[in-house]
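Structural overview for review
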Amino acid sequence: MAHFELDATGLLCPMPVIRTQDLVEDLSCGDTLEVLCTDPGALNDVSAWCRINGHKLIDAKQDEDRVIIKIQVMR
Amino acid sequence: MSRQIKAVSLISGGLDSLLATRVVMDQGVHVEGINFFTGFCVEGHTHAIRKKDRAKPKRNNALWVAEQLGIKLHIIDVIEDYKDVLINPKHGYGANMNPCHDCKTFMVSKALEWIERNEFDFIITGEVVGQRPMSQRKDTMPVIARESGAGERLLRPLCAQHLPETLPEQMGWVMREQLHDFHGRSRKPQMALAQQYGFEDYAQPAGGCCFLTDENYSKKLVDLWDARGNREYEMDDIMLLKVGRHIRPSRNFKLIVAREEGEVNFMQGYRNRFISIKTTSHSGPLVLVDGQPNEQDLQLAARITARYSKGKLADEVELEVCRPDQGSMQVKVKPMPAAEMPEAWYV
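From a predicted model like this one, the values you see are computed outputs, not experimental measurements.

This part covers the nonpolar core. Burial of nonpolar side chains together is a common tendency in soluble globular proteins. Ala7(B), Ala66(B) and Ile123(B) are the most contacted members of the largest nonpolar core, which totals 110 residues. The greatest single-element share of this core, amounting to 7 residues, is contributed by helix α4 (residues 100–118) of chain B. Sequence-distant contacts of Ala66(B), defined by excluding residues within four places in its chain, comprise Ile52(A), Ile11(B), Gly33(B), Ile71(B), Lys72(B) and Leu73(B).

As structure tokens, this is what we get:
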């Protein structure tokens, strides 16, 4: 199991979802990924994508200007 | 044991694709969704920009639909490939810059590539005969099936009974009599079916889910192309057409004037790529300058910027003009009176 980070700052939805999806495709079951975004829409969208595709949403939070989502890849 | 039949459904996020997918799922077919991001999609990035839109659900409707249906959704970035569809549509444009016929053909052809790569059996769309003047007519729907290459592997469950039998019907993967015979522009059959399934709170955007069907957006796109002398565009261009007041005093430059705080926040992210102007002596909007302005043009841009500030009636307004990677300079100008702004400048 490995940990990865994805910088999706400056990208507008649905691009953070697409980047997450494309990266997760190459990861293994149990790997964790932290996605950093600036578009507030990513909080809902990346979380929804996670639920739909059966990955584990470890944490999703928004502070003043950033959204941070932690995912565990499930297969 | 018989093989599980699999279909991919084009999910726009609207009601029709939601229903079409569910109709096929009910027949025991494994369905996954596919959504194509062209850059012109109405949602996502536009949610949080303007105050008037803040009451709308802050969600990606395609993801919401997939979650309602309990299916996987694959969102595909087609921004680059889509340029050729928009720039050279074989079947022309609709009322605005919407190449609906070619767009649908393109998306079905992309879905066909996807099902071949992933060993799925057929494609589902939520199209309804007679619902749209360009892409959803009885005479154009077979053309889309043919030109996309999907042919009989394209099933439109909501109006299948008005169309020739497709492969899924011929093979017995789905029962034709359990498909529908919807037609025309009325939404009542869809709403009744949605109620039957218990779907509520689905998206029903008035102008569809594409900015290219919007008259004002299309005018700005055409202006951009005319000013540049070609039809190329980048992602930044099409994003910025969605925000601000666009003012073009000359072919070589235009101003994008933020209309409210949400647009200011959105446009801040572009200050490292565009010349930006901001009043310093009075409160006022952020302005981005697109194009190749000379010093005289920037003076004019500053006067226009001042005209949209609280100092519009003042004798003199101070502004900061920032060039990416070149620092900023202070200028003082007399705000341009509204009467001196030709109507033709407003895009």
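Once you've had a look at it, read on.
A few words on unusual backbone geometry. Cis geometry marks the peptide bond from Cys13(A) to Pro14(A), where omega comes out at 10 degrees. With respect to the helices and strands, the residue Pro14(A) is situated in the loop between β1 (3–8) and α1 (15–24).

Before going further, it helps to examine the sheet that holds strand β4 (residues 67–72) of chain A. Residues and elements named next belong to chain A. Taken together, the 4 strands give an open sheet; going across it, the order is β1-β2-β4-β3, and neighbouring strands pair in mixed fashion. For this open sheet the edge positions go to β1 and β3 (56–62), each flanked by a neighbour on one side alone. Taken over all neighbouring pairs, the strand axes of this sheet differ in orientation by 15 degrees on average, direction set aside. Sheet strands touched by helix α2 (residues 41–52): β1, β2 (32–37), β3 and β4. Its angle to β3, the strand with the most contacts, is close to 175 degrees.

Glancing now at the domain arrangement of chain B. Domains assigned within chain B are domain 1 (6–211) and domain 2 (243–345). Relative to domain 2 of chain B, the C-alpha centre of domain 1 of chain B lies at a distance of 41 Å.

The next subject is the pairing of strand β11 (residues 327–333) of chain B. Two faces belong to every sheet, and in a regular strand the side chains alternate between them. Residue and element names in this part refer to chain B. Where strand β10 (residues 317–323) and β11 come together, 7 bridges link them in antiparallel fashion. Of the residues in β11, the one forming a bridge with Arg323 is Gly327. Where β10 folds back onto β11 in an antiparallel hairpin, the turn is made up of 3 residues, including Asp325, whose phi is positive at roughly 65 degrees.

In this section: the packing of α4(B) against helix α5 (residues 141–148) of chain B. Residue and element names in this part refer to chain B. For the pair α4 and α5, interaxial distance at closest approach is 8 Å and the crossing angle is 45 degrees. With respect to α5, the axis of α4 lies oblique. Note on packing geometry: the crossing formed by α4 with α5 is right-handed. From α4, His101, Lys104, Thr105, Val108, Ser109 and Leu112 reach across to α5, where they touch Ile144, Glu147 and Ser148. Classifying every residue of the contact of α4 with α5 by side-chain character gives 3 nonpolar, 4 polar and 2 charged.

This next bit is on the packing of α2(A) against helix α2 (residues 61–69) of chain B. Where α2(A) contacts α2(B), the axes come no closer than 10 Å and their chain directions differ by 30 degrees. Our classification of the angle between α2(A) and α2(B) gives roughly parallel. For the crossing formed where α2(A) meets α2(B), the hand is left-handed. Between α2(A) and α2(B), the contacting residues are Asp45(A), Ala48(A), Trp49(A), Arg51(A) and Ile52(A) on the first element and Leu63(B), Trp64(B), Ala66(B) and Glu67(B) on the second.

Parameters and conventions
Residues numbered from 1 in each chain as written. Chains lettered and ligands numbered in written order. Predicted model: local features only at pLDDT ≥ 70, side-chain atom pairs only at ≥ 80, totals over all residues. Core = buried A, V, L, I, M, F, W, Y, C linked by C-beta atoms within 7 Å. Buried ≥ 20, exposed ≤ 12 C-beta atoms within 10 Å, placed from the backbone. Helix = DSSP H or I, 4+ residues; strand = E, 2+ residues; numbered from the N terminus. Contact = placed C-beta atoms within 7 Å. Pairing = 2+ DSSP bridges. Axes fitted to C-alpha atoms, helices over the stretch in contact; angles between N-to-C directions. Domains from an automatic or database assignment. Parallel < 35°, antiparallel > 145°, perpendicular 65-115°, else oblique. Left-handed = near helix turned anticlockwise from the far one by under 90°. Nonpolar A, V, L, I, M, F, W, Y, C, P; charged D, E, K, R; others polar.

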